[in-house]
Structure formats: C-alpha cells, structure tokens
Amino acid sequence: MDLLPLLPAAWRTAVEPHLDLARTAELSTFCAAEYAAETVYPPIEDLFSAYRLCAPEQCRVLILGQDPYHRAGQAHGLSFSVRPGVSVPPSLRNVFKELADDLGVPAPRTGDLTGWASQGVLLLNAVLTVRQGKPGSHAGQGWEEFTDATIRALDGLDQRVVFLLWGSYARKKKALVTNPAHVVLEAGHPSPMNPRGFLGSRPFSATNKALTDAGLPEITWTAL
C-alpha cells in the first residue's frame, strides 16, 4: 500500500510539500500490515472520502475530529459522520442539538454528513484509521503528521477557510493556522463526557458569518 497515490491528485499536490516522505512511507507500511492482519476502520475504499468529497480549492470549513469510530459499520472516512441507517453516536447527537439551538432547525434523521462535505466542509480526523474496538490504536504512527500537512496546505490558501476546533486535542492545531485570511473557532468537544464548552458555542452561525464576511456563500447546515 502506498498512501499518496490513493489521494485525489489536487490534494496530493497540495499536501506533499508539507510531508516528510520517509515518514509517510513508514505510515504506508504500517497501514498495509494493519489492514492485512486486523479489522481496521474505515474500509480502505473510504479512507480518503473526506478528501474526495471536498477538493482543496472548494474547502471553506474544516471540522477536525480525533480518530474514526471503532465499531462495525460506523466509520466511512468523514469525522463525526456515520453511514446512513446507523444510530447517531452521542457526540454527533450533541452536534445536532447545538445545530438546532443555533439555527432553529430540527435534528437531522441521519448521521451521514456527506451533504456538508459536498459543500466544502472537510470532515477530517487527525488519525484516519483505527483497529476495531480499540480507540486511539493508530495514534502516533504518522497520521498526525499527514493531517497536519493537510491543515498547513489549507492555511496556504488565499480564500478564507473557517477552522472548527472542538476539544483540547483539536485546539492544539490552532498553531498551524497562521494566515490572517482564515478564522479559527474553538469550543469544547461535543462528547457528553464533556458537559461544558460545546453546547452554546453557536459554531454554525459563527461559521456562516465568517464566510459571508469574506464574500463566500454560507454552508446550508440542514442539507444532509
């Protein structure tokens, strides 16, 4: 397995200058061994779904998660999202609760966020793979450098990108965003284990304001 050829061409061009290619080769070797020997999520065909659905020049928003869901049938390559028909996980329920409180819309009936991705929302996890039933199992293997390179590539764009960083892990990535064209909106993680800091943060209306301030169209957050 060689990860870089699996990326859409525009993303490979954008990300490669920010990568240590030797480290990326090590990550490719690790992922090949894990997919061969273990049950790993998301399925390999969904590994770069976030990149396929949101080209760099179309990206207006980044929502950063930590690593994929680790139970069968959930992860499909988009942070916080689950496949159609899959029960909405607790963190995503809180995201939908905040969406309703912020914009006054009812909670969606599906947890599939593909409709956001197709509008220019890059739904990225910091670590893109995980072993079944073992959250965090692929941390420290090189994915963090790979997705940091993605953030740096977005930071280099002239067009505004709104970075939604939820939780202490994601908020550490703020240091990667140095271009004054962009906006960083921080909040607590939406997990029910974190009772403060996310609910009431109004990220969806704040994102749309930041986009319209830059002359960009809003995200239709209800389009799922």
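These lines cover the structure that appears in this document, whether it is placed above or below. (Residues numbered from 1 in each chain as written. Predicted model: local features only at pLDDT ≥ 70, side-chain atom pairs only at ≥ 80, totals over all residues. Heavy atoms only, no water.)

1. Observations regarding the overall build of the protein chain
The following threshold applies: Under the scheme used here, helices are H or I runs from DSSP no shorter than 4 residues and strands are E runs no shorter than 2 residues, and both carry numbers assigned from the N terminus. Values of the radius of gyration come from C-alpha atoms, whereas the globule rule sets the reference at 2.2 Å times the count of residues to the power 0.38. Each residue is placed in one exposure class: buried if its accessible area under a 1.4 Å probe, protein chains only, is under 20% of its type's maximum, exposed if it is over 50%, and partly exposed if it falls in between. Only heavy atoms enter the contact rule, under which two residues are in contact if any of them lie within 4.5 Å. Computed with the Shrake-Rupley method and a 1.4 Å probe, the accessible areas treat only the protein chains shown as cover for residues. His is not counted, nor are the chain ends; Lys and Arg add positive charge and Asp and Glu add negative charge. Here the site of a charge means atom NZ of a Lys, CZ of an Arg, CG of an Asp or CD of a Glu.
Along its length, the protein chain carries nine helices and six strands. Over its C-alpha atoms the protein chain spans a radius of gyration of 17 Å, differing by no more than 12% from the 17 Å that the globule rule assigns to 224 residues. Summarising its shape, the C-alpha atoms of the protein chain cover approximately 45 × 40 × 25 Å along the three principal directions. Each of the 224 residues in the protein chain was classed as buried or not, and the buried ones make up 51%. For the protein chain, restricting intrachain contacts to residue pairs at least 6 apart in sequence, the fraction spanning at least 24 positions comes to 68%. As displayed, the protein chain has an accessible area near 9900 Å², and 52% of this comes from carbon and sulfur atoms. Looking at the protein chain, you have 20 positive and 22 negative side-chain charges, and the mean spots of the two groups are 7 Å apart.

2. So, the pattern of salt bridges
Here is the rule we go by: Whenever Lys or Arg places a side-chain nitrogen within 4 Å of a carboxyl oxygen from Asp or Glu, that contact is recorded as a salt bridge.
Counted under the stated rule, the structure contains twelve salt bridges. A salt bridge links glutamate 26 to arginine 23; the nearest nitrogen and oxygen atoms lie 3.4 Å apart. Taken together, the residues span about one helical turn, with glutamate 26 and arginine 23 both in helix H3 (residues 21-37) at a distance of three residues. Assessed through its relative accessible area of 48%, glutamate 26 is described here as partly exposed. Judged by relative accessible area, which is 25%, arginine 23 ranks as partly exposed. Of the charged contacts, one joins aspartate 46 and arginine 83 as a salt bridge, the two residues approaching to 2.4 Å between their closest N and O atoms. One end of the pair, aspartate 46, is in the loop between strand S1 (40-41) and helix H4 (49-53); the other, arginine 83, is in the loop between strand S2 (61-65) and helix H5 (90-103), with 37 residues separating them in the sequence. One network of salt bridges, in which partners are shared, links Arg23, Glu26 and Glu145.

3. Thoughts on a nonpolar patch on the surface
The following threshold applies: The patches described consist of residues with a relative accessible area above 30% and no salt bridge, like charges being joined within 9 Å and nonpolar side chains (Val, Leu, Ile, Met, Phe, Trp, Tyr) within 5 Å.
A contiguous nonpolar surface patch, about 250 Å² in accessible area, is contributed by Met1, Leu6 and Ile44. Position of methionine 1 relative to the elements: it lies in the segment before helix H1 (3-6).

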